[in-house]
Amino acid sequence: MKSKNSSDIDLFTEEVSDCPFSAYKQIRESGRVYQEPRYGNYVLTHHNDIQSLKNDQVFDARHGVDPAGRFSEGTYPDINRTDPPRHAKMKAFLYKSFSPKAIQSWEDDIRKIFVEHFDNIACDNSEQSFDIVHHVCYPAPAAVICRMLGFSDDRREDFQRWSAALVERLGTDISEEQRNALIEMARFIRLKAEEKEKKPGKDLMTEIVFAEVDGEKLSREEVVANGVFFLAAGHETTANFLSNFIYQICTIPRLFESMQSDRSLLKSALEESLRLESPVQNICRTVKDDMSIDDKFILQDDRMMFSLGAGNRDPDVFECPEDFNLKRDNLNQHLAFGYGHHQCLGARLARLEGEIFANILLDRYEKIELAGDFERQPGNVMRGYKSLNIKCS
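The shown structure was predicted, so the numbers you read here are calculated from the model rather than taken from an experiment.

1. Section: the overall build of the chain
Then, number 1: Each helix and strand in the chain was counted, giving 16 helices and 12 strands.
Then, number 2: Projected onto its principal axes, the C-alpha positions of the chain cover 65 × 60 × 40 Å.
Then, number 3: Buried residues in the chain amount to 55% of all 393 residues.
Then, number 4: For the chain, contacts bridging at least 24 residues in sequence account for 70% of all contacts bridging at least 6.
Then, number 5: Looking at the chain as shown, the accessible area adds up to about 17700 Å², and 46% of this sits on carbon and sulfur atoms.
Then, number 6: For the chain, the centre of its 51 positive side-chain charges and the centre of its 66 negative side-chain charges are spaced 3 Å apart.

Encoded structure:
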C-alpha cells in the first residue's frame with residue numbers, strides 16, 4: 001500500500017477486505033474525506049463525521065447500503081432504505097417486537113435454541129473440534145429470527161444460502177447463482193405473507209403484513225422487501241458478531257480466562273468485540289444537496305460511505321484503539337450498530353444472543369482454541385466468518 005496521501009487505496013480488494021484496518025488508518029490520517037477509486041464513494045473514517053449519519057436533511061438511504069449503488073429509484077425499499085418521516089412511522093409499528101420487554105420475553109426461548117445447537121455438536125468425551133459457525137453462529141440466530149417471524153426453520157440451509165447471496169453481492173459483482181437465490185428468497189417471503197394474510201399469527205411477519213403508515217397498508221412489494229430484510233439481517237449481523245467474538249476468545253491472551261474468573265466482565269467483552277470487529281463495517285448514503293467537507297466538493301446524488309469499522313478505531317475517541325480493553329469507560333460510544341435514525345432495530349436482540357452464547361461457552365468449556373482453517377466473509381460491508389474451526393476442552 002502506498003503512502004498515506006495516496007489516492008488509490010481500493011477498499012474492495014480481497015487483501016484489504018480481509019484486514020481493512022491499516023487502510024482505514026491510512027485514509028483517516030490523510031484527511032476527513034477520501035474518494036475511493038472503484039465506485040467513487042466518498043469515505044468518512046472519523047468517528048465525529050460518521051455521527052452525521054443522524055442528519056436526514058443531508059443524507060438519504062434510498063439507494064441502500066451497497067457501495068456499488070445498484071439499488072435504483074424503482075425498487076421497493078425496506079425499512080433500512082426508508083427515510084424520515086416514513087422511516088420513523090415504520091419503526092414505530094415494529095418497535096413492539098423489539099422493545100426491551102419484548103426481547104426479554106424471548107430470553108428463555110433463545111437460550112433453549114442455543115443450548116440445542118450446542119447439544120447437537122458431536123462430542124468426543126472432553127475434547128471437541130468443530131466448525132462453530134456451521135453448528136452455532138449461523139443456525140442459532142437464524143432459528144431465533146425465524147421463530148420471531150413466525151416461520152418454521154426447516155429450510156435453514158436455504159435461509160443461509162439466500163442471506164449469503166444478499167450479503168456477499170454487496171460491493172462485488174453479482175453472480176447468476178446469487179441472483180437466483182435472491183429471487184427464491186423473495187418468492188418464499190411473498191408466499192409467507194399470503195399465508196399470514198389468511199391466517200394471522202402473533203409474530204413479526206404478521207405485523208409487517210397488516211402494518212399501516214398514514215392510514216394505508218404497506219404495498220405487497222414493501223411487505224416482501226421488509227420480510228427479506230428481517231430474515232437476512234436478523235441473523236447475518238448476529239452470526240458475524242458471534243463468530244468475531246469466538247475468534248477473539250481464541251486469539252487474545254487471557255480473554256476467556258478473565259471472563260471465567262469474573263463474569264461481570266462479559267458485557268464489556270461483548271461491547272469491546274463489537275467495537276474492535278464491527279459486524280457491519282461500512283454503510284452508504286446518498287447526498288441530497290451539494291456540500292463540501294474541507295476542500296472536497298461533493299455533489300447531489302454522490303454516494304457517501306460511512307466506515308463504522310474505522311470510526312470504532314478512531315484514536316481521537318478510543319485510547320489505544322487497536323487494543324482489546326475490557327476497562328474502557330466509553331464503550332457506549334462505539335458505532336457497531338449504526339447511529340441516528342437508522343440505528344439497528346435488532347441491536348438489543350443481538351446483544352442478548354451474544355450474552356447467551358458467551359455464557360454457554362463459559363458454562364461448558366475450560367479452554368477454547370483455534371483448530372485449523374477458517375474462512376472470512378467476502379467483501380468489506382460485513383465482517384465475520386463463513387467457517388471457523390475450534391477445539392474445546
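2. Some points on the packing of helix H12 (residues 220–251) against helix H14 (residues 266–276)
Then, number 1: Where H12 contacts H14, the two axes come as close as 10 Å, and the packing angle between them is 105°. As far as their axial angle goes, H14 and H12 are roughly perpendicular. In contact with Phe241, Asn244, Phe245 and Gln248 of H12, H14 contributes Ala269, Leu270, Ser273, Leu274 and Leu276.
Then, number 2: Here the residues of the contact of H12 with H14 sort into 6 nonpolar, 3 polar and no charged.

3. Remarks on the layout of surface pockets
Then, number 1: Looking at the second largest pocket, its volume works out to about 520 Å³.
Then, number 2: Forming the walls of the second largest pocket are 19 residues, and the residues nearest its centre are His134, Tyr138, Glu157, Gln160 and Arg161.
Then, number 3: Only helix H7 (132–137), helix H9 (156–168) and helix H10 (176–198) provide two or more residues apiece to the lining of the second largest pocket.
Then, number 4: For the lining of the second largest pocket, the leading source of residues is H9, giving 7 residues.
Then, number 5: Of the residues that constitute the lining of the second largest pocket, the class distribution is 6 nonpolar, 7 polar and 6 charged.

4. Things to note about the nonpolar core
The tendency in soluble globular proteins is for nonpolar side chains to be buried side by side.
Then, number 1: Counting 85 residues, the largest nonpolar core has Phe114, Ile132, Phe357 and Ile368 as the members making the most contacts within it.
Then, number 2: Here this core gets 13 residues from one element, more than from any other, and that element is H12.
Then, number 3: Once you skip the residues sitting within four places of it in the chain, Ile132 turns out to touch Phe118, Cys137, Ile246, Phe357, Leu388 and Ile390.
Then, number 4: Listed in part, the 21 residues of the second largest apolar core include Leu53, Val280, Phe306 and Val381.

5. Some thoughts on the packing of aromatic side chains
Then, number 1: As enumerated under the stated definition, the model contains 14 aromatic pairs in all.
Then, number 2: Chaining the aromatic ring pairs together yields one cluster made of Phe151, Phe159, Trp162 and Phe188.
Then, number 3: Of note, Arg275 hangs over the ring of Phe318, and the distance from its end group to the ring centre comes to 5.2 Å.
Then, number 4: The ring of Phe21 carries the charged tip of Arg313 above its face, separated from the ring centre by 3.5 Å.

6. A closer look at unusual backbone geometry
Then, number 1: Note the cis peptide between Pro84 and Pro85, where omega equals 5°.
Then, number 2: Although it is not a glycine, Asp214 adopts a positive phi angle of roughly 55°.
Then, number 3: The topology assignment puts Asp214 in the loop between strand S5 (212–213) and strand S6 (216–217).
Then, number 4: The residue Asp294 is not glycine, and still its phi comes out positive at about 55°.
Then, number 5: Following the sequence through the fold, Asp294 ends up in the loop between strand S8 (291–293) and strand S9 (296–298).
Then, number 6: Owing to a relative accessible area of 51%, Asp294 belongs among the exposed residues under this scheme.

7. Some details on the sheet that holds strand S7 (residues 282–287)
Then, number 1: Spatially, the 5 strands line up as an open sheet ordered S1-S2-S10-S7-S3, and their pairing is mixed. Looking along the sheet, the strands with just one partner apiece sit at the ends: strand S1 (33–35) and strand S3 (59–60).
Then, number 2: Of the strand pairs in this sheet, S3 and S7 are connected by 2 bridges, and their pairing is antiparallel. Opposite Phe59, over in S7, you have Val287 as the bridge partner.

8. Some words on the pattern of salt bridges
Then, number 1: Applying the stated criterion across every chain yields a total of 25 salt bridges.
Then, number 2: The network of salt bridges with common partners includes Arg155, Asp158, Arg161 and Glu184.

Parameters and conventions
Residue positions are given per chain, counting from 1 as you read along its sequence in written order. It should be noted that, the model being predicted, local features are given only for residues of pLDDT at least 70 and side-chain atom pairs only at 80 or more, the latter also being counted only at that level, while totals for whole chains, interfaces and linings use all residues. The side-chain figures draw on all heavy atoms in the structure; neither hydrogens nor water molecules are used. Numbering of helices and strands runs from the N terminus; a helix is a DSSP stretch of H or I covering at least four residues, while a strand is a stretch of E covering at least two. Partly exposed residues are those whose accessible area sits between 20% and 50% of the maximum for their type, while under 20% is buried and over 50% is exposed, using a 1.4 Å probe and protein chains only. Residue contacts are defined here by distance: any two heavy atoms, one from each residue, within 4.5 Å place the two residues in contact. Note on areas: Shrake-Rupley with a 1.4 Å probe; residue coverage comes only from the protein chains shown. Counting rule applied: Lys, Arg positive; Asp, Glu negative; His and chain ends not counted. In plain terms, the charge of a residue is placed at NZ if it is Lys, CZ if Arg, CG if Asp and CD if Glu. Axes here refer to lines fitted to C-alpha atoms; in helices the fit is confined to the stretch in contact. Angles between the N-to-C directions go from 0 to 180 degrees. Here the word oblique covers every angle except those under 35 degrees (roughly parallel), over 145 (roughly antiparallel) and from 65 to 115 (roughly perpendicular). Gly falls in the polar group here, along with every residue not listed as nonpolar (Ala, Val, Leu, Ile, Met, Phe, Trp, Tyr, Cys, Pro) or charged (Asp, Glu, Lys, Arg). Cavities and pockets were defined on a 1 Å grid built over protein atoms only: a cavity is a set of grid points that admits a 1.4 Å probe from which the probe cannot escape, a pocket is an open set flanked by protein on both sides within 12 Å along at least five of seven lines, and lining residues are those with an atom within 4 Å of any such point. Grid points are joined across faces, edges and corners, and a volume is the space filled by probe spheres set on the points. Among the buried residues, those of types Ala, Val, Leu, Ile, Met, Phe, Trp, Tyr and Cys that are joined through side-chain atoms within 4.5 Å form a nonpolar core. Any two of the Phe, Tyr and Trp rings considered here, Trp counted by its six-membered ring, make a pair once their centres fall within 6.5 Å; the pair's planes then place it as stacked at under 30 degrees, edge-to-face at over 60, or tilted in between. A positively charged side chain is recorded as over a ring if its NZ (Lys) or CZ (Arg) lies within 6 Å of the ring centre. The angle to the ring normal must also be within 35 degrees. Note on pairing: two strands pair once DSSP finds at least 2 bridges between them. Each salt bridge in this description consists of a side-chain nitrogen of Lys or Arg and a carboxyl oxygen of Asp or Glu lying within 4 Å of one another.

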